[in-house]
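So you can see what is in the structure, the chains are spelled out below.
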Amino acid sequence: MAHHKDERTLVFIKPDGVQRSLVGEIIRRFERIGLKLVGVKMLVPTVKQVEDHYLLEPGWKETVGRKAIESYAKKGIEPPTKDALAAGEKVLEGLRKYLTSGPVVLMVWKGAHAVSIVRKIAGSTEPLTSDVGTIRGDFVLDSYQMSDKDNRSVRNLLHASGSVTEAEKEVALWFSNDELIKYRLVQEQ
Ligand code: ADP
């Protein structure tokens with residue numbers, strides 16, 4: 001097992017984050033906690049790249065669909081469907097459109113507990129319930145109810161890997177080894 005200081009996580013700033021000029025603000029939040037940027041690039045994802053990314057995790061469609069249904073239940077509202085797989089397929093359909101609509105900034109961040117620290121700073125998936133002080137909680141107002149009504153993905157500015165194993169798969173999917181740079185920060189010298 002790698003030393004926890006060498007933990008890496010994959011982040012991408014989604015098209016809404018880039019279009020709203022939030023790239024610097026988002027990077028600043030990861031830098032100030034002490035994480036190290038070891039890879040960065042900008043591209044407009046293809047539909048295949050979006051599918052490959054989300055379907056890396058077996059069962060993702062059903063899990064994301066179940067989460068959507070549960071979030072309606074928690075608010076005491078009837079969900080648009082009770083079929084988790086169908087709900088998950090709808091989320092993927094939304095992501096195909098959302099993430100191919102413009103450039104994303106992909107990054108690999110490295111440091112102690114990088115995966116959980118980045119998730120904490122990003123905030124939870126649905127901006128309506130993301131904590132104040134997180135990136136999603138501070139900069140975006142959206143909900144599953146709004147996105148379902150408009151038939152689109154929930155807009156939440158960035159993606160961050162959900163676990164260490166997921167992170168390693170996602171880093172390998174988006175970055176080649178020579179795009180990941182070895183160098184020292186001042187505090188490491
Ligand atoms: P996270 O990005 O927080 O890891 P998921 O992997 O569960 O969350 O979902 C991937 C992305 O799909 C979310 O970031 C969001 O943009 C979108 N999404 C998830 N659930 C829904 C939903 N119920 N309705 C609309 N979009 C959703």
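What counts, and at which threshold
- Residue numbering note: each chain is counted from 1, following its sequence as written.
- At least 70 in pLDDT is required for a residue's local features to be given in this predicted model, at least 80 for side-chain atom pairs to be given and counted, and no such filter applies to totals for whole chains, interfaces and linings, which use all residues.
- Side-chain numbers here rest on the full set of heavy atoms in the structure, without hydrogens or water.
- Proximity criterion: a residue is near a molecule or strand once any of its heavy atoms comes within 4 Å of it.
- Whenever a nitrogen or oxygen atom comes within 3.5 Å of another N or O atom, the pair is scored as a polar contact, on the condition that within protein one atom can donate a hydrogen and the other can accept it, and that pairs from neighbouring residues in sequence are kept only if both atoms are in side chains.
- Calculation of accessible area relied on Shrake-Rupley with a 1.4 Å probe; when residues are assessed, cover is drawn exclusively from the protein chains displayed.
- A cavity here means a set of 1 Å grid points, computed over protein atoms only, where a 1.4 Å probe fits but cannot escape. A pocket is an open set with protein on both sides within 12 Å along at least 5 of 7 lines, and lining residues have an atom within 4 Å of a point.
- For a cavity or pocket, the test is whether more than half of a molecule's atoms lie within 2 Å of its grid points; if they do, the molecule sits there.
- Segments assigned H or I by DSSP are reported as helices when at least four residues long, segments assigned E as strands when at least two residues long, and all are numbered from the N terminus.
- Asp, Glu, Lys and Arg are counted as charged, while Ala, Val, Leu, Ile, Met, Phe, Trp, Tyr, Cys and Pro are counted as nonpolar; the rest, among them Gly, fall into the polar class.
- Criterion for a salt bridge: a side-chain nitrogen of Lys or Arg within 4 Å of a carboxyl oxygen of Asp or Glu.
- Exposure is judged per residue with a 1.4 Å probe applied to protein chains only, and the accessible area is read against the type maximum: over 50% gives exposed, under 20% gives buried, and values in between give partly exposed.
- What a helix should span is 1.5 Å times the count of its residues minus one.
- In what follows, a contact means two residues having at least one pair of non-hydrogen atoms within 4.5 Å.
- As a rule, the C-alpha atoms of each element are fitted with a line to give its axis, helices using only the stretch in contact, and angles between N-to-C directions run from 0 to 180 degrees.
- Angle categories are assigned with fixed cut-offs, so that under 35 degrees is roughly parallel, over 145 is roughly antiparallel, 65 to 115 is roughly perpendicular, and the rest are oblique.
- The aromatic pairing rule takes the rings of Phe, Tyr and Trp, using the six-membered ring of Trp, and pairs them if the centres are within 6.5 Å, calling planes under 30 degrees apart stacked, those over 60 edge-to-face and the rest tilted.
- A positively charged side chain is recorded as over a ring if its NZ (Lys) or CZ (Arg) lies within 6 Å of the ring centre. The angle to the ring normal must also be within 35 degrees.
- Only strands that DSSP links by at least two bridges are regarded as paired with each other.

Draft legend 1. The arrangement of the site of the ligand in detail. Neighbouring residues of the ligand: 17 residues in total, closest K14, K67, R119, T125 and N156. Taking R119, its side chain carries an N or O atom lying 2.9 Å from an oxygen atom of the ligand. In the environment of the ligand, an oxygen atom lies 3.4 Å from a nitrogen or oxygen atom belonging to the side chain of R136. Compared with its free state, where it exposes 540 Å², the ligand has 94% of that area covered by protein. The pocket occupied by the ligand, as judged from atoms lying within 2 Å of grid points, is the largest pocket. Elements with a minimum of two residues in the shell around the ligand: α4 (60-74), α5 (84-99) and α8 (144-149). Here the shell around the ligand gets four residues from one element, more than from any other, and that element is α4. Here the shell around the ligand is composed, by residue class, of nine nonpolar, four polar and four charged.

Draft legend 2. A look at the pattern of salt bridges. Within this structure, the stated rule accounts for 17 salt bridges. Note that R8 and E168 form a salt bridge whose closest N and O atoms lie 2.7 Å from each other. Of this pair, R8 sits in strand β1 (residues 8-13) while E168 sits in helix α9 (residues 164-174); the two residues are 160 residues apart in sequence, bridging distant segments of the chain. Accessibility expressed as a relative area gives 33% for E168, which makes it partly exposed. Close ionic contact of E89 with R96 constitutes a salt bridge, the shortest N to O distance being 3.4 Å. Exposure remark for E89: the relative accessible area of 29% places this residue in the partly exposed category. Through salt bridges with shared partners, one network takes in E51, K61, E89, E93 and R96.

Draft legend 3. Structural detail: α4. Compared with an ideal rise of 1.5 Å per residue, which puts 15 residues at 21 Å, α4 spans 21 Å between its outermost C-alpha atoms and is within 8% of the ideal. The elements touched by buried residues of α4 are α3 (47-54), α5 and α8. Trailing α4 by a residue or two, G76 shows a phi angle of about 70°, which is positive.

Draft legend 4. Seen up close, the packing of α4 against α5. Viewed as axis vectors pointing N to C, α4 and α5 meet at an angle of 100°, and their least axial separation amounts to 7 Å. With respect to α5, the element α4 is oriented roughly perpendicular. Each of W60, K61, E62, V64, G65, R66 and I69 in α4 lies in contact with α5, whose residues at this interface are A84, L85, A87, G88, E89, V91, L92 and L95.

Draft legend 5. Inspection of the packing of aromatic side chains at higher detail. Overall, the coordinates contain three aromatic pairs when judged by the stated rule. Summarising the aromatic geometry, the rings of Y54 and W60 are spaced 5.0 Å apart at their centres and angled 40° between planes, so their arrangement reads as tilted. Classification of W60 as buried rests on a relative accessible area of 15%. For the cation-ring pair, K36 lies above Y183, with the distance from its terminal atom to the ring centre recorded as 4.9 Å. We note K41 situated over the ring of F175; from NZ or CZ to the ring centre the distance is 4.6 Å.

Draft legend 6. Representation of the sheet that holds strand β4 (residues 158-160). The strand order β2-β3-β1-β4 describes an open sheet built from four strands, whose pairing is antiparallel. One side of each edge strand has no neighbouring strand; the edge strands of this open sheet are β2 (36-43) and β4. With strand direction ignored, the average angle separating the axes of adjacent strands in the sheet is 15°.

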